[in-house]
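Each chain, letter by letter, is given below.
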Amino acid sequence: MGVGRRGKAAHGAFPVLVLAILLAFFFSLCAGQYDIDPLAILEKAMEMLGIPVRSGAPLTAEQEAVLLHIRAPRTLVGFLAGAGLAVSGAVLQGIFRNPLADPGIIGATAGASLGACLAIGMGLASGMLLALPVAAFLGAIFAALLAVALAMRHGRIGTLALLLSGVVVGMFLAAVTAAVLTSLDASKMQQYLFWTIGSLDYRRWDHVLLGLFPILISALLMMALSRHLDILALGEAEARAVGMRVTAYRAIFLALAALSTATAVCISGSIGFVGLVVPHAVRLLLGPGYRRLLPASFLAGGAFLVFCDAAGRILLPTGEIRVGIMTAFLGAPYFLFLLRRYVYRI
Amino acid sequence: MERDMFLHSAPPTSPDPPLLEARSLSVGYERRRVLDKISFGAARGELIGLIGPNGAGKSTLMKTLGRALTPLSGTAFLEGRPLDAFSAKAFARRVAYLPQRTEPTFSYTVREIVLAGRYPYLSWWQGEGRADREVAEAAMAYTGIRALADASIDQISGGQLQRVLLAKVLAQQTPVLLLDEPATGLDLMYQEELFRFSRALAAAGKTILVVVHELSLAARFCSRLILIGKGRCMADGTPDEVLRPKILSEAYDTDVCVGTHPVTHHYDIYTKVQPPAEEQACLRILLGEEGFHGRW
């Protein structure tokens, strides 16, 4: 597809992204309250890849446990959530032809919050590890379905109608959440508050397994169908004129975006900014063509979230700055920098 | 009349069976019927200008023929089959519809936009192949935008964008083209160029329906004009048959004069209206109480 003025950025983009991911993973494995020698981590990684390295100081059993059972799952959950949010943000921006679209726009985030709030309120969250994520997932899917059902008329899904019904469903569910919240005691309210900020605390391999297949499968399907997104992004009249079944494709993409958003929110809590900013940043560098935009957003979103999470732990060594805060702290200035540097017309 | 004789050499009633045909077609929206029982046929190689006042239903008719709207009653036929007998892609391989006022979002490149015209030829899992790229390159070369292929569509002028969109519908390789006001808002040069392209394409065998506002432009280039107004088809024939003061005056609800330009011998069409007294009174208010000159 069209290269030209974006050609230079495009050719180097994927190696750079892979490098960024490796670096972010390494940072994330190194960062934390428990002191582990970075060289030993590197050595361990080489060993696991089957490259034997003459060892200087091997990891203790305790260090190995921290790495394998705390930091590794946390890093992978961060990657999956960031990748899922960025891809669905990119897809939704194309479907809506709206630069402000992000995974929250179809009400999914508000639905997830309500699910999480109910799970916490009923006391399920503290008992079962997966109760909170599953409730959040169901809430997100419910909200997205409701928004789409309300926007559907005569077998067509109008983008403006969907935009409005998504926002209204989101506001309504937020009000329900607020109503439930006011009846909760202080500790449960605090638990909910922490969930809404989004964190990768206490993520286990269960979370990785929970998120792996839905996010990977929905992202791969969206990438496989990315040519159709380019047509949808031209607008409904244009897409129909070249023989696209617009409603069917919109429904497919909405379902896939809702699935990956819901899964991401379910394993990491509500994390803003990734789904809005990462696709824009990638679009600025690589152009709007979805065949490059989706894989690049997937990798960049994952790397960005892992990096934010690691930075949050490095900056505040005694505790951590929660990742939902870091994404905004790092994402906003970087995006504004890009916006000023490139003339951006969406 | 002698003007542009060569243009009208093709007889308006061609012996070919119509490629695209409307039979007592009523078009409009849920609560508003725009055109009632309109019938016409378009044969191979015809360049038909759809004219009529604003809001008469030209675009609504085009949308219906392009399957963007379902007819309220009656049927439109393509190759003798009802329009809805075709699958979405099969239809898009036969009829290319250029909607009015397409505003691009996202900064796609010209080539990417033109390649979108190949969509109806691809299965859902396929990407564009070499043949598709060749068609797109040819479409860009034909419309003179090959040098812009890698430019982003938000960096080019309105006239160039119209060429890009024309290249896109040409890349669809359809026997029928529906162009909804392709020339509106363009510079004179681009307007005439668009009609020259249309005429050449019609001469090569394509059937083209084009919505035009400029009546003299329509008369110069189209082999046939269909005048729409008052919710129906008011005239259908060669420009000389349709562009009569009486018919136009009725359609446009005002006194329309039809003359001939002394130099070019093109149609010169204008309205003759006396500004009513009320208008004069309003003008005095709009210019300030003492009038424009009193102020300065």
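Above this text is the structure in question.
What counts as what
Residues numbered from 1 in each chain as written. Chains lettered and ligands numbered in written order. Predicted model: local features only at pLDDT ≥ 70, side-chain atom pairs only at ≥ 80, totals over all residues. Heavy atoms only, no water. Helix = DSSP H or I, 4+ residues; strand = E, 2+ residues; numbered from the N terminus. Rg over C-alpha atoms; globule rule 2.2 N^0.38 Å. Buried < 20%, exposed > 50% of the residue type's maximum accessible area, 1.4 Å probe, protein only. Contact = heavy atoms within 4.5 Å. Areas by Shrake-Rupley, 256 points an atom, 1.4 Å probe, with all protein chains shown as cover. Lys, Arg positive; Asp, Glu negative; His and termini not counted. Charge placed at Lys NZ, Arg CZ, Asp CG, Glu CD. Expected span 1.5 Å × (residues − 1). Pairing = 2+ DSSP bridges. Axes fitted to C-alpha atoms, helices over the stretch in contact; angles between N-to-C directions. Parallel < 35°, antiparallel > 145°, perpendicular 65-115°, else oblique. Left-handed = near helix turned anticlockwise from the far one by under 90°. Nonpolar A, V, L, I, M, F, W, Y, C, P; charged D, E, K, R; others polar. Salt bridge = Lys/Arg side-chain N within 4 Å of Asp/Glu carboxyl O. Polar contact = N/O pair within 3.5 Å; in protein donor to acceptor, adjacent residues only side chain to side chain. Patch = residues over 30% accessible without salt bridge, like charges linked within 9 Å, V, L, I, M, F, W, Y side chains within 5 Å. Core = buried A, V, L, I, M, F, W, Y, C linked by side-chain atoms within 4.5 Å. Phe/Tyr/Trp six-rings, centres within 6.5 Å; stacked < 30°, edge-to-face > 60°. Lys NZ or Arg CZ within 6 Å of the ring centre and 35° of its normal.

## With respect to the overall build of chain A
Part 1 of the argument: Helices and strands together make up the secondary structure of chain A, namely 15 helices and two strands.
Part 2 of the argument: Its C-alpha atoms give chain A a radius of gyration of 21 Å, near enough to 20 Å, the size a compact globule of 346 residues would have.
Part 3 of the argument: Each principal axis of the C-alpha distribution contributes one length, and for chain A these read about 65 × 60 × 35 Å.
Part 4 of the argument: Going through the 346 residues of chain A one by one, you find that 52% of them count as buried.
Part 5 of the argument: Residue pairs in contact within chain A that sit at least 24 positions apart in sequence constitute 77% of those at least 6 positions apart.
Part 6 of the argument: Surface accessibility of chain A: about 15200 Å² in total, with carbon and sulfur atoms responsible for 72%.
Part 7 of the argument: When the 25 positive and 15 negative side-chain charges of chain A are each reduced to one mean point, those points stand 16 Å apart.

## Points about helix 5 (residues 158–171) of chain B
Part 1 of the argument: Here helix 5 of chain B contains 14 residues, and its C-alpha end-to-end distance of 20 Å stays within 8% of the 20 Å for a straight helix at 1.5 Å per residue.
Part 2 of the argument: The buried count for helix 5 of chain B comes to twelve of 14 residues, which makes it a mostly enclosed element.
Part 3 of the argument: Those residues of helix 5 of chain B that fall on the buried side of the exposure criterion are B:Gly159, B:Leu161, B:Gln162, B:Arg163, B:Val164, B:Leu165, B:Leu166, B:Ala167, B:Lys168, B:Val169, B:Leu170 and B:Ala171.
Part 4 of the argument: On its buried face, helix 5 of chain B sits against helix 11 (236–241) of chain A together with strand 6 (95–98), helix 3 (110–115), helix 4 (130–142), strand 7 (176–179) and helix 6 (188–203) of chain B.
Part 5 of the argument: Directly beyond the C-terminal end of helix 5 of chain B, a positive phi value near 50 degrees is found at B:Gln173.

## Focus on the sheet that holds strand 10 (residues 232–237) of chain B
All names here are of chain B.
Part 1 of the argument: Strand order in the open sheet formed by six strands is 6-7-8-3-9-10, with mixed pairing between adjacent strands. On the outer flanks of this sheet lie strand 6 and strand 10, each paired with one strand and no other. When the angles between neighbouring strand axes are averaged without regard to direction, this sheet yields 15 degrees.
Part 2 of the argument: As defined by bridge partners, strand 3 (residues 47–51) adjoins strand 9 (residues 224–229) across four bridges and the pair is classed as parallel. The partner of Ile 51 across the bridge, within strand 9, is Leu 227.
Part 3 of the argument: Contacts from helix 1 (residues 58–65) reach strand 3, strand 6, strand 7, strand 8 (207–211) and strand 9 within the one sheet, and its direction differs from that of strand 8 by about 145 degrees.

## Points about the packing of helix 13 (residues 274–286) of chain A against helix 15 (residues 323–341) of chain A
Residue and element names in this part refer to chain A.
Part 1 of the argument: Interhelical geometry of helix 13 versus helix 15 gives an angle of 30 degrees and a closest axis separation of 10 Å. In terms of orientation, helix 13 and helix 15 fall into the roughly parallel class. For helix 13 against helix 15, the interelement crossing comes out left-handed. Listed contacts from helix 15 to Val 274, Val 277, His 280, Ala 281, Leu 284 and Leu 285 of helix 13 are Thr 327, Gly 331, Tyr 334, Phe 335, Leu 338 and Leu 339.
Part 2 of the argument: Looking at the contact of helix 13 with helix 15 residue by residue, the classes come out as nine nonpolar, three polar and no charged.

## Looking at the interface of chain A and chain B
Part 1 of the argument: Tallying the contact residues gives 34 residues for chain A and 37 residues for chain B.
Part 2 of the argument: The interface formed by chain A and chain B contains three salt bridges.
Part 3 of the argument: Across the pair B:Lys168 and A:Glu238 runs a salt bridge whose closest N-O atoms are separated by 2.3 Å.
Part 4 of the argument: On inspection of chain A and its partner chain B, the count reaches eight residue pairs in polar contact (both at pLDDT 80 or more).

## Topic: helix 14 (residues 290–315) of chain A
Along an α-helix, residues three or four apart share an orientation, since each turn contains 3.6 residues.
Part 1 of the argument: With 26 residues, helix 14 of chain A should cover 38 Å at 1.5 Å per step; its first-to-last C-alpha distance of 35 Å lies within 8% of that length.
Part 2 of the argument: Counting buried positions along helix 14 of chain A gives 20 out of 26 residues, so the element sits mostly inside the fold.

## Some points on a nonpolar patch on the surface
All names here are of chain A.
Part 1 of the argument: Taken together, Leu 19, Leu 23, Phe 27, Phe 307 and Ile 314 make up a surface patch of nonpolar side chains, about 480 Å² in accessible area.
Part 2 of the argument: No other element matches the three residues that helix 1 (residues 7–30) contributes to the nonpolar patch.
Part 3 of the argument: Secondary-structure assignment places Leu 19 in helix 1.

## What about the nonpolar core?
Part 1 of the argument: The biggest cluster of nonpolar side chains holds 150 residues, and the ones touching the most others in it are A:Val91, A:Ile106, A:Leu162, A:Phe253, B:Ile51, B:Val110 and B:Val114.
Part 2 of the argument: B:Val34, B:Ile48, B:Leu61 and B:Leu178 belong to the second largest nonpolar core, which has 31 residues in total.

## Focus: the side chain of B:Thr143
All names here are of chain B.
Part 1 of the argument: Mapped onto the secondary structure, Thr 143 falls in the loop between helix 4 and helix 5.
Part 2 of the argument: For Thr 143, the side chain forms a polar contact with the main-chain oxygen of Ala 139, separated by 2.9 Å.
Part 3 of the argument: What Thr 143 contacts, discounting residues up to four positions off in sequence, is Arg 163, Leu 166, Ala 167, Leu 170 and Phe 197.

## Notes on the pairing of strand 6 of chain B
All names here are of chain B.
Part 1 of the argument: Residues Val 95 and Tyr 97 line one face of strand 6 and the alternating positions Ala 96 and Leu 98 line the opposite face, and both faces are buried.
Part 2 of the argument: Sheet topology note: the strand 6/strand 7 ladder contains four bridges and is parallel. From the neighbouring strand, Tyr 97 faces strand 7, where its bridge partner is Leu 178.

## Quick look at the pairing of strand 9 of chain B
Residue and element names in this part refer to chain B.
Part 1 of the argument: Across the six residues of strand 9, six count as buried, placing the element largely inside the fold.
Part 2 of the argument: Burial along strand 9 is two-sided: Arg 224, Ile 226 and Ile 228 and Leu 225, Leu 227 and Gly 229, pointing in opposite directions, are all buried.
Part 3 of the argument: Once strand 9 ends, the chain turns through two residues before running back antiparallel as strand 10, passing Lys 230 with a positive phi of about 55 degrees.

## With respect to the sheet that holds strand 1 (residues 20–29) of chain B
Residue and element names in this part refer to chain B.
Part 1 of the argument: Strand order in the open sheet formed by four strands is 2-1-4-5, and the pairing between neighbours is antiparallel. Each edge of the open sheet is held by one strand with a lone partner, namely strand 2 (32–42) and strand 5 (81–82).
Part 2 of the argument: Direction of pairing for strand 1 relative to strand 2: antiparallel, over a ladder of seven bridges. Residue Val 27 lies in a different strand from strand 2, and its bridge partner there is Leu 35.
Part 3 of the argument: Along the sheet, helix 1 makes contact with strand 1, strand 2 and strand 4 (73–78), crossing strand 1 at roughly 120 degrees.

## Digging into the packing of aromatic side chains
Part 1 of the argument: Taken as a whole and judged by the stated rule, the model has eight aromatic pairs over all chains.
Part 2 of the argument: With a centroid separation of 6.4 Å and an interplanar angle of 80 degrees, the aromatic rings of B:Phe106 and B:Tyr108 are classed as edge-to-face.
Part 3 of the argument: By relative accessible area, which is 2% here, B:Phe106 ends up buried.
Part 4 of the argument: Given the relative accessible area of 2%, B:Tyr108 is considered buried.
Part 5 of the argument: Through a chain of ring-to-ring contacts, three or more aromatic side chains come together here, namely A:Phe25, A:Phe79 and A:Phe298.
Part 6 of the argument: In this structure, B:Arg67 packs its charged tip against the face of B:Phe91, placed 4.6 Å from the ring centre.
Part 7 of the argument: Its guanidinium or amino end placed over the ring of B:Phe86, B:Arg81 lies 4.4 Å from that ring's centre, counting from NZ or CZ.

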